[in-house]
Amino acid sequence: MSATPPMVITAALVGAEVTRKDTPYLPITAEEIGEEAARCREAGAAMVHIHVRNPDGTPSQDTELFRAAIREIRKRCDILVQTSTGGAVGMSADERCGPLRLTGGDRPDMATLTTGTVNFGEEVFWNPRPLVRDIAERIRALGLRPEIECFDAGMVDEANYLAKEGLIDLPAHYDFVLGVPGGLAARVEALDFLRTYIPPGSTWTCAAMGRHQLPFVELAAERGGNSRVGLEDNIYVSKGVLAKGSFELVQEAVKRAKAKGREIATPQQARELLRLT
Ligand code: KMH
Ligand code: ZN
């Protein structure tokens, strides 16, 4: 039996849905994203998951906004950068793939890939099979490994089809996104099903929404998995108390993971554990 590996903590800093009205601590500019990433690295995160925003705060997948944010992050610290290809509901595949046009020193370390359509609150996060294949091909062409975003269980099955078609490699890395209204709920049964349903040798992270975020860090810690926390998915550090940034949620995640006996992965350890190039 090999020892439980250190936990990879991903900080989801920005997202596409949270606004400055929801929380004044949301980073919007490249500099703010860079500063927040550095605080999260200091707190123990090995990776950031980023979206970008226009100057007015609206969501964007613009290549140059991503370039600027990635440069501000890498200027300050060695944290791994995972860029969203989900963007915001209603964006085209081409628009969503803005960050996949970055090469050389600006290339991200990883990119997300959602493998199915899901109701997303009152809206629809539209991922028909041709679109999923298009984005998978672009991630592969850039030489990146995707994080398979599973908002529902069938998205694990769809990843298997992508592997058969040569569009992703197995074992892969999965993110179980639990608690989006319209998707799979944040329930321990869902986590236990998914973690045993993914192909052997795969790695997983759990991103639970809202008040479920921090309790699911403990569940993931007990099960040898990894965790995603941050303002994209949850803005409160405790009931009614806004987190002063994703870094406070990382601090809390580290505390809870350590209390369960887990070490925390450095970016270099995360690179090895998640098999990133
Ligand atoms: N904003 C959601 C519609 C991702 O980053 O890959 C999609 C999302 C997933 O956030
Ligand atoms: Zn996202």
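A few points on the structure. (Residues numbered from 1 in each chain as written. Chains lettered and ligands numbered in written order. Predicted model: local features only at pLDDT ≥ 70, side-chain atom pairs only at ≥ 80, totals over all residues. Heavy atoms only, no water.)

### A look at the packing of aromatic side chains
1) Next: One pass over the full model with this rule turns up five aromatic pairs.
2) Next: Here the aromatic rings of Phe120 and Phe125 are separated by 6.1 Å at their centres, their planes lie at 65°, and the arrangement is edge-to-face. Here Phe120 matches Phe125 in class, with each residue buried.
3) Next: Here Phe176 and Trp204 contribute two aromatic rings whose centre-to-centre distance is 5.6 Å and whose plane-to-plane angle is 25°, an arrangement assigned as stacked. Taken as a pair, Phe176 in strand β10 (residues 173-178) and Trp204 in strand β11 (residues 203-208) lie far apart in primary sequence, 28 residues in all. Accessibility assignment for this pair places Phe176 and Trp204 in one class, buried.
4) Next: A connected cluster of aromatic rings, assembled from ring pairs, spans Phe120, Phe125 and Phe151.
5) Next: Positioned over the ring face of Tyr161 is Arg129, at 5.2 Å from the centre of the ring. (Phe/Tyr/Trp six-rings, centres within 6.5 Å; stacked < 30°, edge-to-face > 60°. Buried < 20%, exposed > 50% of the residue type's maximum accessible area, 1.4 Å probe, protein only. Helix = DSSP H or I, 4+ residues; strand = E, 2+ residues; numbered from the N terminus. Lys NZ or Arg CZ within 6 Å of the ring centre and 35° of its normal.)

### Things to note about the packing of helix α7 (residues 213-222) against helix α8 (residues 246-259)
1) Next: At a closest axis distance of 9 Å, the pairing of α7 and α8 adopts a crossing angle of 35°. Judged by the twist between their axes, the crossing of α7 over α8 is right-handed. For the pair α7 and α8, contact is made by Gln213, Leu214, Pro215, Val217, Glu218 and Ala221 and by Leu249, Glu252, Ala253, Arg256 and Ala257, respectively.
2) Next: Looking at the contact of α7 with α8, its residues break down into seven nonpolar, one polar and three charged. (Axes fitted to C-alpha atoms, helices over the stretch in contact; angles between N-to-C directions. Left-handed = near helix turned anticlockwise from the far one by under 90°. Contact = heavy atoms within 4.5 Å. Nonpolar A, V, L, I, M, F, W, Y, C, P; charged D, E, K, R; others polar.)

### Remarks on unusual backbone geometry
1) Next: In this structure, the amide linkage connecting Leu170 to the following residue, Pro171, adopts the cis form with an omega of -5°.
2) Next: Along the chain, Pro171 turns up in the loop between α5 (154-164) and β10.
3) Next: With a phi angle near 55°, Arg275 is a residue other than glycine that sits in the positive phi range.
4) Next: By the secondary structure assignment, Arg275 is in the segment after α9 (267-273).

### Observations regarding helix α1 (residues 30-43)
Given 3.6 residues to a turn, an α-helix orients residues that are three or four positions apart in the same direction.
1) Next: With 14 residues, α1 should cover 20 Å at 1.5 Å per step; its first-to-last C-alpha distance of 20 Å lies within 8% of that length.
2) Next: Within α1, the full set of buried residues consists of Ile33, Gly34, Glu36, Ala37, Cys40 and Ala43.
3) Next: The inward-facing, buried residues of α1 contact β1 (9-12), β2 (47-50), β3 (52-53), α2 (63-76) and α8.
4) Next: Two residues or fewer past α1, Gly44 is found with a positive phi of approximately 130°. (Expected span 1.5 Å × (residues − 1).)

Fair warning: the whole summary comes from geometry, so function is off the table for now.
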